[in-house]
Amino acid sequence: MQTENSLVRWMAPISLAIHAPGADMAPTINSIRYLRDCLGNDLVRQYVTFHVFFGNKHIPTNIPIPDTFLATPYNCTENPPFVVNASTTYMKQKDLLYPVNVARNIARDAALTHFILPSDIELYPSPNLIPRFLNMIARNAPPLNNSTRPRVFPISIFEVDAKVKVPLNKTVLQQMLKKKTAIPFHKFVCPNCHNIPQGQQWMAAKETNQMDVFHVGKRHGKFVHWEPIFIGTHQDPYYDERLSWEGKKDKMTQGYILCVKDYDFMILNNAFLTHKPGIKRYVRNAKRDGIAARQSAYVKNIIMPELKKLYGTKSGCAL
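A few points on the structure. Model, not experiment: these values are computed from the prediction.

**Examining the overall build of the protein**
Okay, so step 1: Broken down by element type, the protein carries 11 helices and 11 strands.
Okay, so step 2: Here the C-alpha coordinates of the protein stretch approximately 55 × 45 × 35 Å along the principal axes.
Okay, so step 3: Considering the protein as a whole, with its 319 residues, one finds that 46% of them fall into the buried category.
Okay, so step 4: Within the protein, contacts between residues separated by at least 24 positions form 84% of all contacts whose residues are at least 6 apart in sequence.
Okay, so step 5: When the accessible area of the protein is evaluated, it comes to approximately 16,900 Å², of which 54% is carbon and sulfur surface.
Okay, so step 6: Of the side chains in the protein, 40 bear a positive and 24 a negative charge, and the two mean positions are spaced by 8 Å.

**Some remarks on the sheet that holds strand β9 (residues 230-233)**
Okay, so step 1: Within the open sheet, the five strands sit side by side as β3-β9-β5-β10-β8. Their pairing is mixed. Lying at the two open borders of the sheet, with one neighbouring strand each, are β3 (115-116) and β8 (213-217).
Okay, so step 2: In this sheet, β9 lies alongside β3 in antiparallel orientation, the contact comprising two bridges. Paired with Ile116 across the strands is Gly232, a residue of β9.

**Considering the pairing of strand β6 (residues 156-160)**
Okay, so step 1: Counting buried positions along β6 gives five out of five residues, so the element sits mostly inside the fold.
Okay, so step 2: Here β6 shows two buried faces, one formed by Ser156, Phe158 and Val160 and the other by Ile157 and Glu159.
Okay, so step 3: Relative to strand β11 (residues 272-275), β6 runs parallel, the two sharing four bridges. Within the sheet, the bridge partner assigned to Glu159 lies in β11 and is His275.
Okay, so step 4: Bridging between β6 and strand β7 (residues 182-184) involves three bridges; their strand directions are antiparallel. Bridge pairing links Glu159 to Ile183 in β7.

**Brief notes about the sheet that holds strand β4 (residues 123-125)**
Okay, so step 1: Strand order in the open sheet formed by four strands is β4-β11-β6-β7, and the pairing between neighbours is mixed. Every other strand in the sheet has two partners, leaving β4 and β7 as the edge strands with one partner each. For this sheet the average axis-to-axis angle between neighbouring strands, irrespective of direction, equals 35°.

**Considerations on the side chain of Ser31**
Okay, so step 1: With respect to the helices and strands, Ser31 occurs in helix α2 (residues 25-37).
Okay, so step 2: Residue classification places Ser31 among the buried positions, given a relative accessible area of 11%.
Okay, so step 3: The contact partners of Ser31, leaving out residues within four places of it in the chain, are Pro81 and Phe82.

**So, the packing of aromatic side chains**
Here a ring pair, both rings aromatic, is described through the centre-centre distance and the interplanar angle of the planes.
Okay, so step 1: Taken as a whole and judged by the stated rule, the model has six aromatic pairs.
Okay, so step 2: What links up through ring pairs into an aromatic cluster is the set Tyr34, Tyr74 and Phe82.
Okay, so step 3: For the cation-ring pair, Arg108 lies above Tyr238, with the distance from its terminal atom to the ring centre recorded as 4.0 Å.
Okay, so step 4: Stacked on the ring of Trp245, the Lys or Arg Arg288 has its end atom at 3.8 Å from the ring centre.

**Observations concerning a nonpolar patch on the surface**
Okay, so step 1: A cluster of nonpolar side chains, namely Phe188, Val189 and Tyr282, defines an oily patch on the protein surface of about 260 Å² accessible area.
Okay, so step 2: Residue placement: Phe188 occurs in the loop between β7 and α9 (199-204).
Okay, so step 3: On the accessibility criterion, Phe188 (33% relative accessible area) is partly exposed.

**Details of the environment of Asn75**
Okay, so step 1: Along the chain, Asn75 falls in the loop between α4 (66-69) and α5 (90-93).
Okay, so step 2: Along the sequence, Asn75 and Ile257 sit 182 residues apart, while their C-alpha atoms lie 47 Å from each other.
Okay, so step 3: Within polar-contact distance, the side chain of Asn75 engages the side chain of Thr77 at 2.6 Å.

Calculation notes
- Residues numbered from 1 in each chain as written.
- Predicted model: local features only at pLDDT ≥ 70, side-chain atom pairs only at ≥ 80, totals over all residues.
- Heavy atoms only, no water.
- Helix = DSSP H or I, 4+ residues; strand = E, 2+ residues; numbered from the N terminus.
- Buried < 20%, exposed > 50% of the residue type's maximum accessible area, 1.4 Å probe, protein only.
- Contact = heavy atoms within 4.5 Å.
- Areas by Shrake-Rupley, 256 points an atom, 1.4 Å probe, with all protein chains shown as cover.
- Lys, Arg positive; Asp, Glu negative; His and termini not counted.
- Charge placed at Lys NZ, Arg CZ, Asp CG, Glu CD.
- Pairing = 2+ DSSP bridges.
- Axes fitted to C-alpha atoms, helices over the stretch in contact; angles between N-to-C directions.
- Phe/Tyr/Trp six-rings, centres within 6.5 Å; stacked < 30°, edge-to-face > 60°.
- Lys NZ or Arg CZ within 6 Å of the ring centre and 35° of its normal.
- Patch = residues over 30% accessible without salt bridge, like charges linked within 9 Å, V, L, I, M, F, W, Y side chains within 5 Å.
- Salt bridge = Lys/Arg side-chain N within 4 Å of Asp/Glu carboxyl O.
- Polar contact = N/O pair within 3.5 Å; in protein donor to acceptor, adjacent residues only side chain to side chain.

And the structure:
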């Protein structure tokens, strides 16, 4: 039900990419039908477009025609089809990697709005983010109106204990941070990946009535490995589709390009994303560590030389 919960907080168009190889297609289609027909409201129908994809080596036996399968209402007395044991999926049985950057690019390309937030489904946006952001853009106050460099708008990310509710605003978030029922995202997994410039000052600053740029940061120095999630536009660099989720650091190559192109990272004062369910801690996984090592070597030996040819280098920029 994460789609519905995120949508209630977002209340704007969502472009959702779903990886559905082989036999995973059928439950995926049924899940879409359930979300459209069985939630007791029309929010999913109004706001969400679904974009299903799969690899050419794992084409489903039956690919339904959208106009056909959507015309038949789903039997809402049945259990939600997305409540499954992950180990039984086609993807797990075939031991496939998750092409997370393919999903990100598909969802982004299908988005019809000028501004886009390429985010993961487990990240809940703070309410009223969109109207407050657009109001900020319309006001065009400094530093928005005096910057000549390309820019994106990073959003601070946190994760909360599985037993608590996602915070409704920054004031509630600050209370949870004091109680340690909320922490900065991936604090116990990869703190440098999401350690934002002036992060401590952001957490200490009081919530205000309007959205503004809290700080203009850069992806270098102690933030050279920062993997921000941000509001941007269709003009920003794509994610490298050769990188998988299991291989980790899948947004690093895009971050390098943003650094070399001298992007301004305009961090928003009251906006945040919350990861649920639960606070992640590092658990050793020999299989995934092996995949990550191979992906890291591939980035170093293949992708990085390509990026240097395409975009050049800049002092302070690194993967």
